[in-house]
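Survey of secondary and tertiary structure
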Amino acid sequence: MVREELEKLPTGALLARLKRLRWCEDSPDKSDLSEAEIASVDGQILFKSDALWQSAYADLKDVLASRENLRNKA
């Protein structure tokens with residue numbers, strides 16, 4: 001997802017995406033997935049060691065950092 005698309009999403013959707021990115025495993029060599037399972041999800045991010053994951057995570061964190069924080073005023 002490109003940054004411009006991320007900026008249009010509501011904060012809740014961004015947080016859900018962040019949760020999905022954090023779910024990814026560290027790297028293929030530390031995974032219990034078989035090579036066939038990894039190949040079957042072509043085009044999706046599975047591992048944090050992937051350059052796509054690192055880019056997606058950095059873009060998402062930048063967009064979230066630009067959002068206004070709401071504090072409980074009670």
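This text gives an overview of the structure that appears in the document. Bear in mind the structure is a predicted one, so any value in this text is a computation, not a measurement. Every chain begins its residue count from 1, and numbering advances along the sequence as written. For a predicted model such as this one, the threshold for reporting local features is a pLDDT of at least 70, and the threshold for listing and counting side-chain atom pairs is 80 or more; totals across whole chains, interfaces and linings nevertheless cover every residue. The basis for the side-chain values is all heavy atoms of the structure; hydrogens and waters are excluded.

1. Quick look at helix H4 (residues 51-65)
A run of DSSP states H or I qualifies as a helix once it reaches four residues; a run of E qualifies as a strand once it reaches two. Both are numbered from the N-terminal end. Here the expected span of a helix is defined as 1.5 Å times the quantity of residues minus one. The end-to-end C-alpha distance of H4 is 21 Å, a good match for the 21 Å that 15 residues give at a rise of 1.5 Å each. Under the scheme applied here, a residue whose accessible area is under 20% of the maximum for its type counts as buried, over 50% as exposed, and between as partly exposed, the area being computed with a 1.4 Å probe on protein chains only. Listing the buried residues of H4 in full gives Trp53, Ala56, Leu60, Val63 and Leu64. For H4, the buried positions fall inside an angular range of 105° around the axis, keeping them on one side. Along H4, the residues that are exposed and aim more than 90 degrees away from the buried face are Ala51 and Ala65. Arc, as used here, means the arc of the directions from the helix axis to the C-beta atoms.

2. With respect to the packing of aromatic side chains
Planes of paired rings set the category: under 30 degrees apart is stacked, over 60 is edge-to-face and the rest tilted, where pairs are Phe, Tyr or Trp rings (Trp by its six-membered ring) whose centres lie within 6.5 Å. The final tally for this structure, using the stated rule, is 1 aromatic pair. Taken together, a centroid distance of 4.7 Å and an interplanar angle of 10° make the contact between Trp53 and Tyr57 stacked. Of the two residues, Trp53 and Tyr57 are both situated in helix H4; the distance of 4 residues between them amounts to about one turn of the helix. Overall, Tyr57 belongs to the partly exposed group, its relative accessible area being 21%.

3. With respect to the side chain of Ser27
Following the sequence through the fold, Ser27 ends up in the loop between helix H2 (11-23) and helix H3 (35-40). Classification of Ser27 by relative accessible area gives buried; the value is 11%. Side chain to side chain, Ser27 and Asp29 meet in a polar contact 2.4 Å long. Residues adjacent in sequence count toward polar contacts only when both atoms are side-chain atoms; beyond that, a polar contact is any pair of N or O atoms within 3.5 Å, and within protein one must be able to donate a hydrogen and the other to accept it.

4. Examining the pattern of salt bridges
Just to be clear on terms, a salt bridge is a Lys or Arg side-chain nitrogen sitting within 4 Å of an Asp or Glu carboxyl oxygen. This structure, assessed with the given rule, holds 2 salt bridges. With a closest N to O distance of 3.2 Å, Arg3 and Glu7 form a salt bridge. Of the two residues, Arg3 and Glu7 both sit in helix H1 (residues 3-8), 4 residues apart, roughly one turn of that helix. In this structure, a network of salt bridges that share partners links the residues Arg3, Glu7 and Asp62.

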